[in-house]
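Structure at a glance
Here is how the chains run, residue by residue.
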Amino acid sequence: MGESVSVFSPSLLSDAWELSSSVYKSQYVNCSYVRSVIRSNLVVFAFRGSLIPNSATKYGEYQVKDGFLDGVKDGNNQRASVHQGALSQFEDIWSRSDFQKQVIEDHEKGNTIVFTGHSMGGGIAALATLRMLEKQRQPKSVFCITFGFPLIGDEILARGVRRKKWADQFCHVVLRRDVFSRILLAPSISVSKPLEVLLPYWNRSMQSRADSVGSTDIPMAEAPPGGIAEFVATVVQHCSAVSNYTSAAKMSPNNPLIAAVKPLVKLSPYRPFGYYLFCSSSGAILIENHYAVLPILYFSLQTLGANLEDFILQHVNYGYILPNSLQNIVKLSELSDLPLSDAGSVHQDSRITTQLDALGLGIQNCPARLALRAAGQVLKQQSENLSILEKEYPKKMETPMDKLEEYRLQCLRNDTGYFDAFKKKQRGNVDFQANLNRLELAGWWDEIIQNKFDKDELPDDFQCKKEWVTRGTHYRLLVEPLDIANYYRLGKNEDSGPYLTHGRPRRYKTLQKWLENYEEPLQSPSTKLIQDSCLWADVEELACSMQKNEYKDEKRIDLENRVRALTDSHGLCVEDLMTGESTFKTVVNWLWKQMTPVDQEASALRSIIYHPQQTPQI
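Per-chain numbering applies: the sequence of each chain, read as written, is numbered from 1 onward. For this predicted model, a pLDDT threshold of at least 70 governs which residues receive local features, and a threshold of 80 or more governs which side-chain atom pairs are given and counted, while totals over whole chains, interfaces and linings are taken from all residues. Based on all heavy atoms of the structure, the side-chain values leave hydrogens and waters out of the count.

What to know about the overall build of the chain
Defined as follows: We count a stretch as a helix when DSSP gives it H or I for four or more residues in a row; a strand needs E for two or more, and each element gets its number in order from the N terminus. Buried residues are those whose accessible area, probed at 1.4 Å on protein chains only, stays under 20% of the maximum for their type, while exposed residues exceed 50% and partly exposed ones sit between those limits. Contacts were defined at the residue level, with two residues in contact if any of their heavy atoms lie within 4.5 Å. Per-residue and other accessible areas follow the Shrake-Rupley method at a 1.4 Å probe size, with only the shown protein chains counted as cover for residues. Think of it this way: Lys and Arg go in the positive column, Asp and Glu in the negative one, and His and the chain ends go nowhere. A single reference atom marks each charge: NZ on Lys, CZ on Arg, CG on Asp, CD on Glu.
Check the secondary structure of the chain and you find 26 helices and 10 strands. Principal-axis analysis of the C-alpha atoms gives the chain an extent of 95 × 55 × 45 Å. In the chain, which comprises 618 residues, the share counted as buried stands at 54%. Put simply, of all contacts in the chain between residues at least 6 apart along the chain, 76% involve residues at least 24 apart. Approximately 27300 Å² of the chain is accessible, and the part contributed by carbon and sulfur atoms is 50%. Taking the average location of the 69 positive side-chain charges in the chain and that of its 72 negative ones, the two points are 2 Å from each other.

Concerning helix H22 (residues 553-568)
One full turn of an α-helix is made of 3.6 residues, so residues set three or four places apart face in the same direction. How we decide: To estimate the expected span of a helix, subtract one from its residue number and multiply by 1.5 Å. The arc in question is the one traced by the directions running from the helix axis out to the C-beta atoms.
Between its first and last C-alpha, H22 extends 22 Å over 16 residues, near the 22 Å set by a 1.5 Å rise per residue. Here H22 has its buried residues at Arg556, Leu559, Glu560, Val563 and Leu566. The buried side chains of H22 occupy one side of the element, clustering within an arc of 125 degrees when seen end-on. On its buried side, H22 packs onto helix H21 (535-547), helix H24 (583-594), helix H25 (597-602) and helix H26 (606-609). Directly after H22, the chain includes His570, whose backbone phi takes a positive value near 60 degrees.

What to know about the environment of Trp592
Among the secondary structure elements, Trp592 is positioned in helix H24. Along the chain, Trp592 and Ser603 lie 11 residues apart, while their C-alpha atoms are 9.2 Å from each other.

A look at the sheet that holds strand S10 (residues 329-332)
This is how it is decided: Strand pairing requires that DSSP identify at least two bridges connecting the strands. Only the stretch in contact is used when fitting a helix axis, every axis being a line fitted to C-alpha atoms; angles between N-to-C directions are given from 0 to 180 degrees.
Taking strand neighbours across the sheet as the criterion, the 8 strands line up as S1-S2-S5-S6-S7-S8-S9-S10 in an open arrangement whose pairing is mixed. Since the sheet does not close on itself, it has two edges, and those belong to strand S1 (33-39) and S10, each with one partner. Taken over all neighbouring pairs, the strand axes of this sheet differ in orientation by 20 degrees on average, direction set aside. Across 5 bridges, the pairing between strand S8 (residues 275-280) and strand S9 (residues 283-287) is antiparallel. Paired with Tyr276 across the strands is Ile287, a residue of S9. Packing against the sheet, helix H11 (residues 318-325) makes contact with strand S5 (112-118), strand S6 (142-147), strand S7 (170-175), S8, S9 and S10, and its axis sits at approximately 110 degrees to S7. Packing of helix H13 (residues 350-358) onto the sheet brings it into contact with S8, S9 and S10, and relative to S10 it is tilted by some 95 degrees.

Points about H24
Its 12 residues place the ends of H24 17 Å apart at the C-alpha level, agreeing with the 16 Å of an ideal helix rising 1.5 Å per residue. Counting buried residues in H24 gives 9 out of 12 residues, a clear majority hidden from the surface. Those residues of H24 hidden inside the fold are in contact with helix H15 (418-424), H21, H22, helix H23 (574-578), H25 and H26.

Digging into the side chain of Gln600
Relative to the elements of secondary structure, Gln600 occurs in helix H25. Not counting residues up to four positions away in its chain, the partners in contact with Gln600 are Trp592, Met595 and Arg606.

Some remarks on the pattern of salt bridges
Working definition: two side chains of opposite charge can pair if their charged atoms are close together. For clarity, the cut-off: The rule for a salt bridge is simple: a side-chain nitrogen of Lys or Arg has to be within 4 Å of a carboxyl oxygen of Asp or Glu.
In the structure shown here, the tally under the stated rule is 33 salt bridges. Here Glu155 ties to Arg159 by a salt bridge, and the two come within 3.6 Å at their closest N and O atoms. In this pair, Glu155 and Arg159 both sit in helix H5 (residues 155-163), 4 residues apart, roughly one turn of the helix. The partner of Glu480 in a salt bridge is Arg504, with the nearest N and O atoms 2.7 Å apart. Taken together, the residues Glu480 in helix H17 (residues 466-489) and Arg504 in the loop between helix H19 (499-503) and helix H20 (506-517) connect sequence positions 24 residues apart. Because the salt bridges share partners, they merge into one network encompassing Glu155, Arg159, Arg162, Arg163, Asp456 and Asp460.

A short note on the packing of helix H16 (residues 429-453) against H17
Definition in use: By definition in this entry, angles of less than 35 degrees are roughly parallel, angles greater than 145 are roughly antiparallel, angles of 65 to 115 are roughly perpendicular, and the rest are oblique. Crossing handedness is defined as follows: a turn of the near helix away from the far one that is anticlockwise and smaller than a right angle gives a left-handed crossing, while the clockwise case is right-handed.
Two numbers describe how H16 lies on H17: the axes approach to 11 Å, and their chain directions differ by 130 degrees. When the axis of H16 is compared with that of H17, the two are oblique. For the element pair H16 and H17, the recorded crossing hand is left-handed. Mapping the contact onto sequence places Arg438, Leu441, Ala442, Trp444, Trp445 and Ile448 in H16 and Trp468, Arg471, Gly472, Tyr475, Val479, Leu482, Asp483 and Asn486 in H17.

Examining the packing of aromatic side chains
Our working definition: Two rings belonging to Phe, Tyr or Trp (six-membered ring only in the last case) form a pair when the distance between their centres is within 6.5 Å. Interplanar angles under 30 degrees mark stacking, angles over 60 mark edge-to-face geometry, and anything in between is tilted. Placement of a positive charge over a ring is assigned whenever Lys NZ or Arg CZ falls within 6 Å of the ring centre and within 35 degrees of the normal to the ring plane.
In total, this model carries 34 aromatic pairs according to the counting rule given. Taken together, a centroid distance of 5.2 Å and an interplanar angle of 90 degrees make the contact between Phe170 and Phe273 edge-to-face. With Phe170 in strand S7 and Phe273 in the loop between helix H8 (256-261) and S8, this residue pair connects regions lying 103 residues apart in the sequence. Assessed through its relative accessible area of 0%, Phe170 is described here as buried. Among the aromatic residues, ring-to-ring pairing joins Tyr393, Trp444, Trp445, Phe453, Phe462, Trp468, Tyr475, Tyr508 and Trp514 into one connected group. Here the guanidinium or amino end of Arg163 rests over the ring plane of Phe453, the centre of that ring lying 3.7 Å away.

Worth remembering: the numbers are spatial, not functional.
Printed below as a string of structure tokens:
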């Protein structure tokens, strides 16, 4: 295991910058990355990238394909989008066997790996980090440090990084007036012309400074290109639009006016992920609250009273400013109570006050302070929403769940599995009450998932919390069989198709994904339940085939595979499957008669048919 690393330590940040800038040296002109062993068990890869202004889409976004970020999708299974230029450069580097082999070899040796880069090199570093995080079993040994990094991923990616608890492995260092770090918030076409001049200028400046390291000759600084006022104004304008819209949307998620505006004006899709270190010549502020990043990117960039050349020069001035700023890093945690007046500032850490002033976020900038307080309030409200759910849980979930557990046991005492009893509904009020409990639980979970979880009204790690993964799994295992029974009892399969492909509610898919993404061992909330909530859907499809006398090997094999997996993991409850004249027993006996002796001998169904508690009916 690699050494314990803080991506925010001044020494590591300095080392990362030194290597990121060295990539620009003339000797590396044909290299896209360099590798360095900083100290024992710590390896740093620094990338060199470039921004291609023209693109096929308005902001250069591109939806990733299968094989990358497969575990980062939204509630509708939509894949994340990233900047196409950054992705193509990363894939070109990653596909080289020597680079990929070196990274994997370093990781397998137990080294801690840091990917870093300046400008678009930071975008490549971020994508390399994401690739390693999703593939490795020890994700806490991979980190990313960027300098002047432009936002390259959409909200799906940003939310996925937070929900997988990867945010603390990214540190994005940004100077107050580095316009490039905001560049992708503007449409490609609006900045493509000035970038034709600026990109070569930035590259020449970085190369000149990198080549002069260790030399007594001080390079003559090249003056920034002219005509930059309109370019800077364009970036600031679009940065303002994105910041103001996202802030309004978070504070009033159900506002119909905001929803109406969204399809009319296409704003940049890119959103921040990871932690940000905003730097000035006097120090730096560490921001963990992602809702605060866009407001700071905008308000610290405002041009009033600023030298326009600074917006261009700061992108290549990290080497001059970082030595001072890294000596005075403060963390800004609680934003909801950020002072709005001199009187309130008396109780604030003077170092925080100094750094906020240096970034143009002092009390004189009231809109900025209000935006930051709003960002803090969002996180505060998320915590309060979770507290409300915890208080509601016993009444709204435990009580109906207990009643359904008793319903299941009562059915078994009456020599009937609860799936078949609910499907036939022959016991009047007992089945009616069970259905009411099923509907009550469905409404509660839909409220949590669709109106809270999907809308980011709960903490980012909500679906990673052991107690909620356990609760969701218990609910799914106990109640989804009743949904399946109801679906086929009403004949919905005849109108809409099989349950698994056309009828399964999204709440069950979401809860199952929570369990699949949970990285620690999780003991089943109830070992008495069948540990595959969809088994009955396969059984019902086979029952339909049996009624039509349409035997198909593939459907039988699908059921066998489910049963084999459950048997191997001790997740099979024969009592629920075979009690009384169950649908499962009827289907299995029918299948058994269709099978050859060779198939019977190898079948996973054999252990059920010849289970000690059962009498073979073949």
